[in-house]
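The residues making up each chain are set out below.
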Amino acid sequence: MSAQKDCEFLVKRARELVSDDPCAAKAWLITARTLYPADFNIQYEMYIIERNAERTASAGRLLYDMFINFPDQPVVWREISVITAVLRSDSQDKHAQFLRGLFETLPGRVQCEMLLKATEQCFNTLEKAEMLLLLLKRFPESVVQHGISLGETLLEAEASENVETPVNCFRKLFVCDVLPLVIKNMDMRLPASLMQKYMLKAAEFYIGYVTRGPSPDIQKQGSQESGSLKSPSSSRGSQRYVIDGLSEKSSLVAEPWERLLEILSVIGVRCEWQGDKGQRTYVDMLQRVKELCCYLPGLEGETRSRCCSQIVIYAALVLFRSAFLYVAAVQPALFQGVNALSSGPWILVEDLSSVYNDVEVERGVVKHMHKKRKLADGREKTMSSDDEEGLGKGRGRHILVNKTEMPNWSENMDSFHTARECWDLLHSHDGLESEFKKICASWKTESWLWFRIFLTDMIIYQGQYRKALSSLHQMASVQQPQPGQQSASGQVSLEHHRALIQQASCHYALGEYRLACEKLLDVVSGIVPPTHPATKTTEDFGKVTTKIRKGNDLRLFPCTSKAVLPFCLQLMLACFKLRAFTDSRDDLSLGHVVVLLQLNWPQGEMLFLKAVDKICQQGSFQYENFFNYVTNIDMLEEFAYLRTPDGGRIQLELLPNQGMLIKHHTVTRGITKGVKEDFRLAMERQVSRCGENLLSVLHRFCINEKIIIIQSLP
């Protein structure tokens, strides 16, 4: 009892002196330690003095002594836990650097033992894993003993926690930290099946990380900052992305595609895959897949199985990477956010550039030559989907892109075609398709909206329009409501517009014109026409064809009101065109065509002349909405000419209720003097409207005449 009191007195005396005379305090404690070498409090007090004075070497020696002589003291483990926490953290303050230096003074054997015992003291799975990972990084020889068990512990923890995404703290530690240590340790003999399992775990994480969507709070902020914004968004560059359970810095993964490629290269060498020497690019991987697919039918047994695994993993990774690059270009809001919305989304649809000139008119026999025609002689005749027998089959189809609007069009198209090629390769053999479907089922790719977007565009490219419509409906079920997706004015989202336009394009390609127009009119009702008339620009397309097309081309254009409204009007024209020019009479459809031909005038002049010829052959024409929506001066002049003796005195019923008036007051030449005067006055008023914004006029036509337009089609 007296010895204990003596120790307490010596420690107390040292504490009293430490602030005024640290040397005297240290002398008291050295004396005390000499007298009572087995007393823990004396040694701990000596350590505290050295630690507070930040004397690295002496504090390290004292910590070492306490760890060896008093391993069961809770105070020692609290001190060790503080040090190991600093070792795991990113802190760079002065005290943290001192504690790291203190740890470095310990012998390597003691460091290893200390970390192992500290790991045993941890009850939290994540903390325990981080501690053990610290041990593996400092002592690579321990990977053989602890690497696999740590990896399996993390994967088991992920499963037991029922996390909703592969981008979680457990998978991140496993993929980014543990797995590289395990697969690069050549002292470990790992079965190929285990390495392939780990490879797929890594791929799922990196793909999930790259394609992660914006967080709800950032989406809401983005929608509030821009009133006209109609799409969920966040700026990846400015977004603070934090994986639950990790720090912000620990949540960041630099160059994920390159990291994935590095893991694949190491595993490929260890699995002895055919021709795999590591350090290859994704382009090299695709080329290797093509070569292996040629040899696959002649292989048997284990060799065939190994080759199948190699092809599927290679092709799947190139597919998902290329599909991501394509979708990131055509729908950047899914990944990049507010800044990217100025350019997207983009829509892949049937190309309608030939809608105006696919009906050839022999200029030498045109009846009405009284005014100069604006189309140059020798313009090349192109084919549209109306002329094509059957639907596009996806072979040799061109995707037209305005290079000014999409500067990186070439790279984006390369990504699309590469992804499509990988998809075809993965479905070229039953064995490959079966393995690929297993991966897709495991990763739940059916819930990946961005991948469904690519698949839909690919199906459209292949000309499988019925399947594309089904895919578009499936996409709608995948796309969950997002905060801030609608603007305050209640306008429909850009994503919804994109889906409706693609549905309309597919219905058109299938000849279902009424359904196409219903979708188009839904889109038009949700957009506001530009306030200024569209300026005519020379489009610079990424793919130029100089020969008559043998298949249906496609077009990729931005989903903006400036581009969407003209496209909808063109597609409506294409829907009515065939019906208007059949042998049977359909004045309503012909009138709609005349109204819609005003867009992009004079591109549609030859088709307009075809309409005029049909009216002349009929001898009459009735379209009571004419003066509501036709403001083109050339068209007005042509219709005025039709009523003259030189024009054939065609009976035109273009005024509301004009037909009833004619029936009651029929005189010579089929019209009344009153009607003739009304027509002249209406034409004069109409000429004064020629300066109106044409897009506003045509937008009003779609809104006001929606029911009539739909009913005009079977």
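Residues numbered from 1 in each chain as written. Predicted model: local features only at pLDDT ≥ 70, side-chain atom pairs only at ≥ 80, totals over all residues. Heavy atoms only, no water.

Student: Mind showing me how you'd approach the overall build of the protein chain here?
Tutor: The helix and strand tally for the protein chain stands at 31 helices and 5 strands. A burial count over the protein chain gives 53% of its 714 residues as buried. In the protein chain, the proportion of contacts linking residues at least 24 apart, taken out of those at least 6 apart, comes to 75%. Put simply, the protein chain shows about 33600 Å² of open surface, and 51% of that area lies on carbon and sulfur atoms. (Helix = DSSP H or I, 4+ residues; strand = E, 2+ residues; numbered from the N terminus. Buried < 20%, exposed > 50% of the residue type's maximum accessible area, 1.4 Å probe, protein only. Contact = heavy atoms within 4.5 Å. Areas by Shrake-Rupley, 256 points an atom, 1.4 Å probe, with all protein chains shown as cover.)

Student: Help me out: how do you make sense of the sheet that holds strand β3 (residues 554–558) in this one?
Tutor: Pairing between the strands of a sheet comes from backbone hydrogen bonds, and it takes one of two forms, parallel or antiparallel. Reading across from one edge, β1-β3-β2 is the order of the 3 strands in this open sheet, with mixed pairing throughout. Strand pairing shows two members of the sheet lacking a second neighbour, β1 (346–350) and β2 (399–401), which therefore form its edges. Ignoring strand direction, the axes of neighbouring strands in this sheet form an average angle of 30 degrees. Here β1 runs beside β3; their pairing, made up of 5 bridges, is antiparallel. Bridge pairing in β3 links Val-349 to Arg-555. (Pairing = 2+ DSSP bridges. Axes fitted to C-alpha atoms, helices over the stretch in contact; angles between N-to-C directions.)

Student: Quick question: what am I supposed to make of the pairing of β3 here?
Tutor: Where a strand is regular, its side chains alternate between the two sheet faces. In terms of burial, β3 is a largely internal element, 5 of the 5 residues being buried. For β2 and β3, the ladder comprises 3 bridges, and the chain directions are parallel. Among the inter-strand pairings, Ile-399 is bridged to a residue of β3, identified as Leu-554.

Student: Looking at this structure, I do not really get the packing of helix α19 (residues 449–461) against helix α21 (residues 494–509). What am I missing?
Tutor: Helix packing for two helices is described by the angle between their axes and how far apart those axes are. As a packed pair, α19 and α21 sit with axes 12 Å apart at the nearest point and diverge in direction by 20 degrees. Regarding the angle of α19 to α21, the classification is roughly parallel. Regarding α19 and α21, the two cross each other, and that crossing is left-handed. Contacts between α19 and α21 involve Ile-453, Thr-456, Asp-457 and Ile-460 from the former and Arg-498, Gln-502 and Cys-506 from the latter. (Parallel < 35°, antiparallel > 145°, perpendicular 65-115°, else oblique. Left-handed = near helix turned anticlockwise from the far one by under 90°.)

Student: Mind showing me how you'd approach the packing of aromatic side chains here?
Tutor: Aromatic rings considered in pairs are described by the distance between their centres and by the relative angle of their planes. Summed over all chains, the structure comprises 31 aromatic pairs. Between Tyr-629 and Phe-701, the aromatic rings sit 5.2 Å apart at their centres with planes inclined by 70 degrees, giving edge-to-face as the arrangement. Highlighted residues: Tyr-629 in helix α26 (residues 626–629) and Phe-701 in helix α30 (residues 694–704), separated in sequence by 72 residues. Neither Tyr-629 nor Phe-701 differs from the other in exposure class; each is buried. (Phe/Tyr/Trp six-rings, centres within 6.5 Å; stacked < 30°, edge-to-face > 60°.)

Student: Looking at this structure, I do not really get the pattern of salt bridges. What am I missing?
Tutor: Note that side chains of opposite charge can pair when their charged atoms are close. Per the stated rule, a full pass over the model turns up 22 salt bridges. Among the ionic pairs, Glu-204 bridges to Arg-171, the shortest N-O distance being 3.1 Å. With Glu-204 in helix α11 (residues 192–210) and Arg-171 in helix α10 (residues 169–183), the pair connects residues that are 33 residues apart, well separated along the chain. For the pair Glu-204 and Arg-171, a shared accessibility class is recorded, and that class is buried. A salt bridge links Arg-700 to Glu-692; the shortest N-O distance between them is 3.7 Å. By relative accessible area, Arg-700 is classed as partly exposed at 32%. Assessed through its relative accessible area of 32%, Glu-692 is described here as partly exposed. Sharing partners across several salt bridges, the network here consists of Arg-109, Glu-113 and Lys-117. (Salt bridge = Lys/Arg side-chain N within 4 Å of Asp/Glu carboxyl O.)

Student: Honestly, the environment of Gln-111 in this entry has me stumped. Any pointers?
Tutor: Position of Gln-111 relative to the elements: it lies in helix α7 (residues 108–121). The spatial distance from the C-alpha of Gln-111 to the C-alpha of Tyr-64 is 9.4 Å, given a sequence separation of 47 residues. Residues in contact with Gln-111, not counting those within four places in the same chain, are Phe-103, Glu-104, Leu-106, Arg-138 and Phe-139.

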